[in-house]
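Chain by chain, the residues run as shown.
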Amino acid sequence: MAIHSPYSDKSILILDDLPEMRSSLRTQVGTLGCEKVAVSSNVKDALEQFKTTRFDVILCDYYLAGGTDGQQFLEYLRTRNVIGRGVLFVMVTAEKGYQNVVTVAECLPDDYLLKPFTAEALKGRVQRLVEKKKRLLKVDAMQDKGNWPGVIVACDEIITAKDRHMVDAMRIKGNALIMAGKADQAVEFYQQMIAMRPMPWAQLGLARAMHQSGDVAGGKNALQSLIIESPKMMAAYDLLGRLHQETGDHDEALAVLDSACEISPNSLARHRAIASVAEETGDFSRVEQALNQVVKKTRNSPLRETKDFARLGNALTEMGEPAKAVQLLEEARTSFKEDANNPLLAAVEAVAQQKAGRPEQAEQALSRAMQGGVSNLPQDIAMAVAKACLATGKQDEGESILKNLVQGAPDATGLHGKISGVLREHGLTERADALVAESMREIVQLNNEAVRRARAGELTAAAEMLVDAAQRLPGNVQIVTNASFALLFDVYTNGLDPAKIRLAQQFQQSAQAQNPKHPKLAEIADLMGRIRNKYAAGKA
């Protein structure tokens, strides 16, 4: 006879590589009256189950076979949005390893269970966590949707009520203020929290808010103090490393990240961050060292990433080992069957094949890199494809890609410097000095011509020019907002056209996502309102 309990409708996943532990956990969960229980022996099987089942509770052992531990699995689930905030994740670990697990966790589970534990202990823990999630249900749902203003209001309600979940609401509110772009309010909020009690999470939040507000020095100072006071709070090291990297203090960034690795050596994200810093300084032996660890840890894991192999292959090529790079990249192409034609992987392979003296294979790899087009590729991948073009003698194609990158991000002077550096690396010193200037001049001329046509009454032609540019340069917010405004002004002047309005709204949403404070957005919203009023009046 089924046990009627508050957990009868809860769907639970048990992940443990030991059969006897899976059996024991399933029995204990069964005593709670849980009827929907699934078990997995490895991460690959667990991920397959996520495709068909929405779980309410995950009980995951920390030590898993197959090159992935429970912490890495949790970070993957959270960062890839495989599970929402309303899903309970409980880490199961032996008592002797608890301190090592809990003190170095960057992405915290909802709770820990120390083995051995009784069914009664499990019941009490789950009951408390379910009650907490029930109280935060509204908040979690809005966080998953990115409704940060709503999250702030909902958290204020809980804080005002002063119940047992008040501190949870405070933590969530601080993060919501940052995510909503309210940096100054977040700074003030965290300072108030710290004045009450110097809680590490509030000190970390203050550093994040300072960074967002532009006070990088203040953020660094706050993080350095936090690390002294809480030397095992790993997120503080990671953020401090990122701030040092952003300000060009690469040695300091590496020193901080290395210190973190001494405490927590298994973080994949941190090894990737070290590689990122080393790439900027051209220290490819350090890149190879960091990414080798990532590839070794994930080679047989479903959490492996194509980009790690591509970056490692690039490092090997830069170190003068193109044959070794080719071997690695061919392995990745075989292993990642769904990503066999990944443009980043193919672009890096093209350079490696060329430097290994295999021009035909280089040509084939470059064709794979460019077969899906390059206009909508992310910056780093587009840069890699451009480098592959230059390395294989296709200068015009390479320069065209680099020109699009400049025009798509006209204010990104750091990117412009990298583009000039790429051209110099390939012996194109004169073009390195000229390409950025030419690209910027073309954009100014295009804008000026569109304005001239609009003033001459050629609104449709002006809009078409800007639409073409916006579709080619989706990262140029100025062009995207101008295209949206031009389409709407054409509609306002020449008559209702639903297709143009839809396209204008797409551009508006794209610009909003990239820069919600862009001044042109207010003009677009005003013009949209005028269009509604004009044509609504016409219908009346």
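Quantities reported herein were computed from a predicted structural model and do not represent experimental measurements.

Reading the values: the criteria
Residues numbered from 1 in each chain as written. Predicted model: local features only at pLDDT ≥ 70, side-chain atom pairs only at ≥ 80, totals over all residues. Heavy atoms only, no water. Phe/Tyr/Trp six-rings, centres within 6.5 Å; stacked < 30°, edge-to-face > 60°. Buried < 20%, exposed > 50% of the residue type's maximum accessible area, 1.4 Å probe, protein only. Lys NZ or Arg CZ within 6 Å of the ring centre and 35° of its normal. Pairing = 2+ DSSP bridges. Helix = DSSP H or I, 4+ residues; strand = E, 2+ residues; numbered from the N terminus. Axes fitted to C-alpha atoms, helices over the stretch in contact; angles between N-to-C directions. Contact = heavy atoms within 4.5 Å. Right-handed = clockwise from strand over helix to strand, strands pointing away. Expected span 1.5 Å × (residues − 1). Salt bridge = Lys/Arg side-chain N within 4 Å of Asp/Glu carboxyl O.

Chemist: Hey, could you run me through the packing of aromatic side chains in this one?
Modeler: Tallying each qualifying case throughout the model produces eight aromatic pairs. Plain terms: the ring middles of Tyr62 and Tyr63 are 4.8 Å apart, the flat faces sit at 85 degrees to each other, and that makes the pair edge-to-face. Given a relative accessible area of 46%, Tyr63 falls into the partly exposed group. On the numbers, 5.7 Å between centres and 65 degrees between planes, the contact of Phe189 with Tyr190 is edge-to-face. Residues Phe189 and Tyr190 agree in their burial class; the two are buried. Each member of the aromatic cluster is reached from another via a ring pair, and the members are Phe50, Phe55, Phe73 and Phe89. Directly above the ring of Phe336 sits Arg304, whose terminal nitrogen or CZ lies 4.5 Å from the centroid. For the cation-ring pair, Arg530 lies above Tyr492, with the distance from its terminal atom to the ring centre recorded as 4.8 Å.

Chemist: Whenever I open this one, the sheet that holds strand β3 (residues 57–61) confuses me. Can you help?
Modeler: Adjacent strands of a sheet pair through backbone hydrogen bonds, lying either parallel or antiparallel. What the five strands build is an open sheet, ordered β2-β1-β3-β4-β5; its pairing is parallel. Among the strands making up the open sheet, the edge pair consists of β2 (36–40) and β5 (111–115). Across the sheet, the mean angle from the axis of one strand to that of its neighbour is 20 degrees, orientation sign disregarded. In terms of strand pairing, strand β4 (residues 88–94) meets β5 through five bridges, oriented parallel. In the sheet register, Thr93 faces β5, and the bridge partner there is Leu114. Contacting β1 (11–15), β3 and β4, helix α3 (residues 70–79) runs over the sheet at an angle of about 170 degrees to β4. Sheet strands touched by helix α5 (residues 119–135): β3, β4 and β5. Its angle to β5, the strand with the most contacts, is close to 175 degrees.

Chemist: I'm lost on unusual backbone geometry in this one. Help?
Modeler: Most peptide bonds adopt trans geometry, and most residues besides glycine take a negative phi value. In this chain, Lys115 is followed by Pro116 through a cis amide linkage whose omega measures -5 degrees. Of note, Pro116 is situated in the loop between β5 and α5. Even without being a glycine, Lys162 presents a positive backbone phi close to 55 degrees. Along the chain, Lys162 falls in the loop between α7 (148–161) and α8 (166–179). With relative accessibility at 66%, the residue Lys162 sits in the exposed group.

Chemist: How do you make sense of the pairing of β4 when you look at a structure like this?
Modeler: Looking down a regular strand, the side chains alternate between one sheet face and the other. Burial runs high along β4: six of the seven residues are buried. Handedness of the β3-α3-β4 crossover: right-handed.

Chemist: Could you clarify how one ought to interpret the pairing of β3 in this entry?
Modeler: With five of five residues buried, β3 lies mostly within the body of the structure. Side chains of β3 alternate between two faces, with Val57, Leu59 and Asp61 and Ile58 and Cys60 buried alike. Where β1 lies against β3, four bridges are found, and the strand directions are parallel. Paired with Ile12 across the two strands is Val57, which belongs to β3. Across five bridges, β3 lies against β4 in parallel orientation. Along β4, the bridge assignment pairs Leu59 with Val90.

Chemist: Is there a simple way to think about the environment of Leu415 in this case?
Modeler: Among the secondary structure elements, Leu415 is positioned in helix α22 (residues 413–425). Leu415 sits in the buried class, given a relative accessible area of 11%. Aside from chain neighbours lying at most four places away, what touches Leu415 is Gln379, Met383, Leu405 and Ala409.

Chemist: Any chance you could explain α5 here in plain terms?
Modeler: Since the α-helix advances by 3.6 residues per turn, residues separated by three or four positions end up pointing in the same direction. Helix length check: α5, at 17 residues, gives a terminal C-alpha distance of 24 Å against a target of 24 Å (1.5 Å per residue), a fit within 8%. Residues of α5 that are buried in the fold lie against α1 (19–30), β3, β4, β5 and α6 (137–145).

Chemist: I keep staring at the side chain of His165 and nothing clicks. Help me out?
Modeler: With respect to the element layout, His165 can be found in the loop between α7 and α8. Those residues in contact with His165, other than ones at most four positions away along the chain, are Glu131, Lys132, Arg135 and Ile158.

Chemist: Just checking my understanding: could you explain the pattern of salt bridges for this structure?
Modeler: A side chain of one charge can pair with a side chain of the opposite charge when the charged atoms of the two come close. Applying the stated rule across the entire model yields 35 salt bridges. Of the charged contacts, one joins Glu131 and Arg164 as a salt bridge, the two residues approaching to 3.8 Å between their closest N and O atoms. Placement of Glu131 in helix α5 and of Arg164 in the loop between α7 and α8 is noted, with a sequence separation of 33 residues between them. Its relative accessible area of 37% is what places Glu131 among the partly exposed residues. Lys173 is the salt-bridge partner of Asp156, the closest N and O atoms lying 2.7 Å from each other. One end of the pair, Asp156, is in helix α7; the other, Lys173, is in helix α8, and 17 residues separate them in sequence. Residue classification places Lys173 among the buried positions, given a relative accessible area of 14%.

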